[in-house]
Amino acid sequence: MLFRSSRQTQQVVNRLGNGGRAAAAQASRGVESGNLIDRHIFGVLEERGIQPAARTSDYEFIRRVTLDLTGRVPAPERVTAFVSDGDPSKRERYVEELLQSSEWVDKWAMFFGDLYRNTDVVRATNTVRRAEGREAFYRWIYDSLKEGKPYNRMAFELIAAEGTNSWENGVLNWQVGNRTTGGPAQDHYDQMAAATMETFLGNSTFNCIMCHNGRGHVDTLSLWGKRSSRIQAYGFAAFFAQSNFQQQPREQRPDPNIFWWRVATNPRGVYLLNTTTGNRPPRIEIAGMRAVPPAYPFGEGEGPGAGEPLRMAAARMVTADFNFARATVNYIWKELMVRGLVEPVNQMDPDRLDPDNPPEEPWTLQPSNAALLRDLAQDFINNEYSLRELMRRIVTSDAYQLSARYDGDWNPEWESLHARRLVKRLWAEEIHDAVAQTSNLLPNITITTTTRIPNGDPPLTRVVNYAMQTTSPASRGSAAGFMAPFYPGDREETERRSDGSDQQALTLMNNNFVISRTRSTVTGGRESLLRQ
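Computed from a predicted structure; not experimentally measured. (Residues numbered from 1 in each chain as written. Predicted model: local features only at pLDDT ≥ 70, side-chain atom pairs only at ≥ 80, totals over all residues. Heavy atoms only, no water.)

Draft legend 1. Broad picture of the packing of helix α16 (residues 322-337) against helix α18 (residues 387-395). Following both chains from N to C, one finds α16 and α18 inclined at 45°, their axes separated by 11 Å at the closest point. Compared by their axis directions, α16 and α18 come out oblique. Between α16 and α18 the crossing geometry is right-handed. From α16, T328, V329, I332, W333, L336 and M337 reach across to α18, where they touch L387, L390, M391, I394 and V395. Here the contact of α16 with α18 is composed, by residue class, of ten nonpolar, one polar and no charged. (Axes fitted to C-alpha atoms, helices over the stretch in contact; angles between N-to-C directions. Helix = DSSP H or I, 4+ residues; strand = E, 2+ residues; numbered from the N terminus. Parallel < 35°, antiparallel > 145°, perpendicular 65-115°, else oblique. Left-handed = near helix turned anticlockwise from the far one by under 90°. Contact = heavy atoms within 4.5 Å. Nonpolar A, V, L, I, M, F, W, Y, C, P; charged D, E, K, R; others polar.)

As structure tokens, then:
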């Protein structure tokens, strides 16, 4: 049950006031109906004697879920229709409407563009995708989400991608972004391995192990890292040792400085311990071993199957790893529930995740609710890695539908338990689009999609009306100036942030994008809502 006793239930009903009995009863039904999220969240709250917040109102819910799933504010007429609808299943129906919308695809294409670091140029390595590569990668992400491609398939395709033209085959651009410069080929393999571990298994500590044994370096950060050695990292990097990045052949280029990328396979590639220069410490022979065989660093150290391409083997093992499902669930949970079950989301410790096999003292389980993370990951697998189904499960839970308001004394230590809705600031794109949408004066944001080649055709462009429809930091166009104070990040050196600042307040008061929409004028065929 949601509450400890009928007396507790009555106390909450009294606290909620009108409609409180129905809200409490519906929350209780959510637990009893089999929603695994509610069983875990409210079960822990019950054990600890923590009263959850009241259920959110219809007004609060429709705004929250519309922004969370689509990045847009709901239209006024949609709010009115939703609130006046007496159907008890209206919230579930509305969630389904959002999940099937093009705006859902826009929002999550932006999210995964951030996660996959889709940019024109990787400045750290001076690797140039150009607008064509950026747009092709965006289109691959967008189309994958639109068609409902299972997420394990998306990850598999990214890790195993191979092809000849990164401007036409968008999936190649993730591996192109993992390319490194200034060192031996092993630097490439290491970076591809580290990016795979962080992006798909939430394990950024692996990057540390690429340079040195864990003991003495990450002892207080990761139990798995403390136990791990550099040779294990070499073994995973060896799956990428047949990878070869090539520029478009010069004889095919209209301009020698403008080219696409090929991601090819060198069947003779091996991971050698023979370097003394580059981006990482020297790689030297270990007990006479000069070449490291591919070995997955978890479980029994599985290698590739007979005749199996190495990156395809890596993709198979990563996406079959239960921690792949855990990491994906944790990324999505944080976006929808504000705080991850593991924080930070990219520092998951593989040896501290399993509630059925807890670590020895003084270590503790890392997730705030390890059983929930385990069961939600299994549910994700059971639903064939469907991102829509995962999000549906979360936003239709009673835990998601708790109010942000809390009557009584709030203990900040309860934040990780999700006893109420945690407040978050909107993304920069969401703030921009809310101003545009609520004023009824939509901007034209021009995105250049083709590089200008000297003496060739002019660049092609496309125009969008919402910042959420742009493809990368370089494509924000006229929206960039307004968005900058809201910390949208650059997908490389600067992460997206949600904290506030004085500059944000000043921008909302003084920026011309806002001022021009608070005047009762007619612009571009649209009339400001102030005149209606």
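Draft legend 2. Local environment of the state of the cysteines. Throughout the structure, instances matching the rule amount to zero disulfides. Distance from the sulfur of C208, which forms no disulfide, to the nearest cysteine sulfur (C211) is 7.9 Å. (Disulfide = S-S within 2.5 Å.)

Draft legend 3. Summary view of the environment of T277. Position of T277 relative to the elements: it lies in the loop between β5 (271-272) and β6 (291-292). Between the C-alpha atom of T277 and that of I394, which follows or precedes it by 117 residues, the distance is 48 Å. Sequence-distant contacts of T277, that is, excluding residues within four places in its chain, are made with P184 and R283.

Draft legend 4. Just the packing of aromatic side chains, in detail. Across all of its chains, the model carries 31 aromatic pairs by this definition. When the centroid spacing of 5.5 Å and the interplanar angle of 75° are considered together, the rings of Y296 and F298 count as edge-to-face. Like Y296, the residue F298 is buried in the burial classification. Through pairs of rings, three or more aromatic residues link up here, namely W108, F111, F112, Y116, F137, Y151, W174, F200, F324, F380 and Y385. Geometry around F82 places K90 over its ring, the cationic atom sitting 4.9 Å from the centre. (Phe/Tyr/Trp six-rings, centres within 6.5 Å; stacked < 30°, edge-to-face > 60°. Buried < 20%, exposed > 50% of the residue type's maximum accessible area, 1.4 Å probe, protein only. Lys NZ or Arg CZ within 6 Å of the ring centre and 35° of its normal.)

Draft legend 5. Summary view of the confidence of the model for the chain. Chain-level pLDDT for the chain is 90 on average; 90% of the residues reach the 70-or-more range. Confidence drops under pLDDT 50 across residues 1-31; counting only partners more than four residues distant or on other chains, this segment forms 49 contacts. (pLDDT = per-residue confidence, 0-100.)

Draft legend 6. Spatial organisation of the packing of helix α7 (residues 102-115) against helix α8 (residues 130-146). Across the interface, α7 lies against α8 with an axial gap of 9 Å and an inter-helix angle of 130°. Considering the angle they form, α7 stands oblique to α8. Crossing handedness for the pair α7 and α8: right-handed. Judged by residue contacts, S102, W104, V105, D106, W108, A109, F112 and G113 of α7 engage Y138, I141, Y142, L145 and K146 from α8. Residue composition of the contact of α7 with α8, by class: nine nonpolar, two polar and two charged.

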